[in-house]
Amino acid sequence: MDTLQRVPSLGTHPTAGANPGRAETRELLDRAAFDLLVVGGGILGITTAWHAAQSGLRVAMVDAGDFAGATSSASSKLLHGGLRYLQTGAVRLVAENHVERRAVSRDVAPHLARPLTFYLPVYKGGPHGAAKLGAGVFTYSALSAFRDGVGHVVSPARAAREVPELRTDGLRAVAVYEDGQMNDARMALMAVRAAVEAGATVLNHAEVTGLRTTGGRVTGAELRDRTDGTEFGVDARLVLNATGPWVDHLRRMEDPGAAPSIRLSKGAHLVLRRTAPWRAALATPIDRYRITFALPWEDMLLLGTTDEPYESDPADVAATEADVAQILDEASLSVRDQQLSRDLVAYSFAGLRVLPGGPGDTATARRETVVTEGPGGMLSVAGGKWTTFRHIGRTVLARLAALPDRPLAGGMQPVSRLPRFAPLPGFANPDAVAHRLLVDGAEGGPAMAPDTARHLAGHYGSLAFDIARLANEDPALAERVHPDAPEIWAQVVYARDREWALDADDVLRRRTTLTVRGLDTPEVRAGVERLLRARG
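Let us look at the structure shown here.

## A look at the overall build of the chain
- The helix and strand inventory of the chain stands at 16 helices and 18 strands.
- Relative to a compact globule of 536 residues, whose C-alpha radius of gyration would be 24 Å, the chain shows 23 Å and is just as compact.
- By the burial criterion, 57% of the 536 residues in the chain qualify as buried.
- Considering only contacts in the chain between residues 6 or more positions apart, those separated by 24 or more positions represent 73%.
- Taken as a whole, the chain presents about 21000 Å² of accessible surface, with 51% of it coming from carbon and sulfur.

## Structural notes on the packing of helix α4 (residues 91-108) against helix α10 (residues 389-401)
- Running from N to C, α4 and α10 cross one another at 105°; their axes reach a closest spacing of 8 Å. Relative to α10, the element α4 lies roughly perpendicular. Two secondary-structure elements touch here, α4 through Glu100, Ala103, Val104 and Val108 and α10 through Phe389, Arg390 and His391.
- Its residues placed into classes, the contact of α4 with α10 shows four nonpolar, one polar and two charged.

## Some details on the pattern of salt bridges
- Summed over the entire model, instances satisfying the criterion amount to 35 salt bridges.
- The closest approach of N and O atoms between Asp337 and Arg167, which form a salt bridge, is 2.8 Å. One end of the pair, Asp337, is in the loop between α9 (321-331) and β16 (345-356); the other, Arg167, is in the loop between α6 (156-162) and β6 (171-182), with 170 residues separating them in the sequence.
- Given a relative accessible area of 54%, Asp337 falls into the exposed group.

## Points about helix α14 (residues 489-498)
- Counting buried residues along α14, 10 of its 10 residues qualify, which places the element largely inside the surrounding structure.
- Of the residues making up α14, those classed as buried are Trp489, Ala490, Gln491, Val492, Val493, Tyr494, Ala495, Arg496, Asp497 and Arg498.
- Backbone geometry just after α14 places Trp500 at a positive phi near 60°.

## Description of the packing of helix α3 (residues 43-54) against helix α7 (residues 184-197)
- Running from amino to carboxyl end, α3 crosses α7 at an angle of 25°, the nearest separation of the two axes being 8 Å. Classified by the angle their axes make, α3 and α7 are roughly parallel. As α3 runs across α7, the sense of the crossing is left-handed. Residues Ile46, Ala49, Trp50 and Ala53 of α3 pack against Ala188, Ala191, Val192, Ala194 and Ala195 of α7.
- A breakdown of the residues in the contact of α3 with α7 according to their chemical character gives nine nonpolar, no polar and no charged.

## Some points on the environment of Asp316
- Residue placement: Asp316 occurs in the loop between β15 (308-310) and α9.
- Residue classification places Asp316 among the exposed residues on the basis of a relative accessible area of 55%.

## Regarding the environment of Glu321
- Counting through the fold element by element, Glu321 comes out in helix α9.
- Distance from Glu321 to Ser348, taken between C-alpha atoms, is 10.0 Å for residues 27 residues apart in sequence.
- There is a polar contact of 2.6 Å between the side chain of Glu321 and the side chain of Arg342.

## Observations concerning the pairing of strand β10 (residues 231-241)
- Across the 11 residues that make up β10, a large majority, eight, are buried.
- Of the pairings in the sheet, the one linking strand β1 (residues 33-39) to β10 comprises six bridges and is parallel in character. Residue pairing for β10: Phe34 is matched across the bridge by Ala236.
- Pairing analysis gives five bridges linking strand β9 (residues 217-225) to β10, with the strands arranged antiparallel. From the neighbouring strand, Gly220 faces β10, where its bridge partner is Asp235.

## Examining the nonpolar core
- Among the nonpolar cores identified, the biggest contains 85 residues, and Met187, Leu424, Leu437 and Val528 are the most heavily contacted of them.
- When neighbours within four sequence positions are excluded, Leu437 is seen to be in contact with Met448, Ala453, Leu456, Ala457, Ala464, Phe465 and Ala468.
- Within the second largest apolar cluster, 28 residues are counted, among which are Ala74, Leu78, Tyr85 and Leu93.

## Here's the deal with unusual backbone geometry
- At the junction of Gly304 and Thr305, the peptide bond is cis and its omega measures out at 10° in the coordinates.
- Looking at where Thr305 falls in the secondary structure, it is placed in the loop between β14 (300-304) and β15.
- Non-glycine residue Ala68 carries a positive phi angle of around 55°.
- Assignment of secondary structure puts Ala68 in the loop between β2 (59-62) and β3 (78-79).
- Look at Phe146: it is not a glycine, yet its phi comes out positive at around 55°.
- By secondary structure assignment, the location of Phe146 is in the loop between α5 (130-142) and β5 (152-154).
- Phe146 gets classed as partly exposed once you look at its relative accessible area, which sits at 36%.

## A word on the side chain of Arg510
- Locating Arg510 in the fold gives a position in helix α15 (residues 504-511).
- A distance of 2.6 Å separates a polar atom in the side chain of Arg510 from a polar atom in the side chain of Asp66.
- Within the local environment of Arg510, its side chain forms a polar contact with the side chain of Asp506, the two groups lying 3.0 Å apart.
- Excluding residues that lie within four positions of it along the chain, Arg510 makes contacts with Asp66, Phe67, Ala68, Gly69, Ser73, Ala185, Arg186, Leu189 and Asp505.

## Re the pairing of β2
- By the alternation rule, side chains of β2 split into Val59 and Met61 and Ala60 and Val62, which are all buried.
- Note on the crossover from β1 through α3 to β2: the handedness is right-handed.

## Points about the packing of aromatic side chains
- Summed over the entire model, instances satisfying the criterion amount to eight aromatic pairs.
- Measuring from ring centre to ring centre gives 6.1 Å for Phe118 and Phe293, while their planes differ by 75°; the resulting arrangement is edge-to-face. On the criterion of sequence distance, the pair formed by Phe118 in strand β4 (residues 113-123) and Phe293 in strand β13 (residues 291-297) is long-range, its members being 175 residues apart. For the pair Phe118 and Phe293, one class covers both residues: buried.

Reading the values: rules and limits
- Residues numbered from 1 in each chain as written.
- Predicted model: local features only at pLDDT ≥ 70, side-chain atom pairs only at ≥ 80, totals over all residues.
- Heavy atoms only, no water.
- Helix = DSSP H or I, 4+ residues; strand = E, 2+ residues; numbered from the N terminus.
- Rg over C-alpha atoms; globule rule 2.2 N^0.38 Å.
- Buried < 20%, exposed > 50% of the residue type's maximum accessible area, 1.4 Å probe, protein only.
- Contact = heavy atoms within 4.5 Å.
- Areas by Shrake-Rupley, 256 points an atom, 1.4 Å probe, with all protein chains shown as cover.
- Axes fitted to C-alpha atoms, helices over the stretch in contact; angles between N-to-C directions.
- Parallel < 35°, antiparallel > 145°, perpendicular 65-115°, else oblique.
- Nonpolar A, V, L, I, M, F, W, Y, C, P; charged D, E, K, R; others polar.
- Salt bridge = Lys/Arg side-chain N within 4 Å of Asp/Glu carboxyl O.
- Left-handed = near helix turned anticlockwise from the far one by under 90°.
- Polar contact = N/O pair within 3.5 Å; in protein donor to acceptor, adjacent residues only side chain to side chain.
- Pairing = 2+ DSSP bridges.
- Core = buried A, V, L, I, M, F, W, Y, C linked by side-chain atoms within 4.5 Å.
- Right-handed = clockwise from strand over helix to strand, strands pointing away.
- Phe/Tyr/Trp six-rings, centres within 6.5 Å; stacked < 30°, edge-to-face > 60°.

Keep in mind that these numbers describe shape and distance, not what the molecule does.
Now the structure itself:
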């Protein structure tokens, strides 16, 4: 039977433990008094909401779009120390990044993070020599206390065995180091869930239309639900502007004369189908500061990124034809032409880095977090990098606690008393989860394909068992959404009822990998939309 014909009858009842409905959440936001209102559901807002709720504050978080719907799901998907920062002398920053990378990968979200070996090829005429890069990767691994091995140099022949599509013409040597990667959208969603489990109230697709003030101080916001136009408001003792590329837009709601505080840099990426297995990533120097990546990711190949100033509307950012040409051209320095065919491009995307305002090349600008306070007391936070999202949350929380007028005094625990390694929901060994999914499927439930079991384990951790139960209860939900992807229909129901997914883009682009695989077909989209409309 055609899968789409079966979709309307699936999942008409909410899953157990489903999130509150939007009307219920709006009512709570409208009538309750909160300590902190976080405007912006990117990773900066999410991590702040999570840590603030952990500290005992009453926290609300809203976003005009989807959680991680913009910059936070358009990264290079890396958890890394920042090898290129050594070029600018930021040794302490690299060491701090390594600490956070290890914490996320091992203590906070091992189900969502993956170790990844990087090869840094040295070509004749390139910007760096083998000795320099060898010393660089050794220092890089030393800054991680050699906990991931020792950076070293290998022969071109050995590297080509691990990356068959590596271009060997003019290749002199290859430096090797270790870092990690993730699915940024899934990491963000688990952090949202952690914030909610700590007591935060959250709502996506809810746009701030104005700020509430009392005695000249910002004390909340007026909002409009983008799904049905309902208007409501939120009162809070403190408002935090974490809107990323839109941070100055919200600042001007507080102070129409506010000067720009940030500048934007566009980073574009391509996702390609692979022509051969990749067991390592390539990090190829373009010039003294820039590196282009070729990363095995989600059974695909991720290429990028660009780095150029961006001054247009953040909502319009996209990978252009010029971006595609640049990424493929730069990748060709180290990747064979057969892997770079335009026919292999499944998806392209672009995001905006939020950098401190000021002059200079965006490629050399430090990825630091900037916190400012407006005349009405609204705090604005911008910048930073994915790897250090936990550290950023704790830093912002410490800043909130230290405000001169202490609006949150007495209502929160000190940052030093928060759990050092609070795990994200689903914390588990993904290999063990995948094994159990396969065994349980063989013991009474629908047989689960190995790629689906691995996919669920690596995107949900132990929460994958909730999805497996949905599939066991309704065999139609165990079917694949698309024959060429590991996702099953139970994930759509789960996204709808447990992960705040409202439209097809929420599901296809961020709760699953169907869009980035180039499988966002009209038939798949129609099936997802039917299932979303079946919300009980």
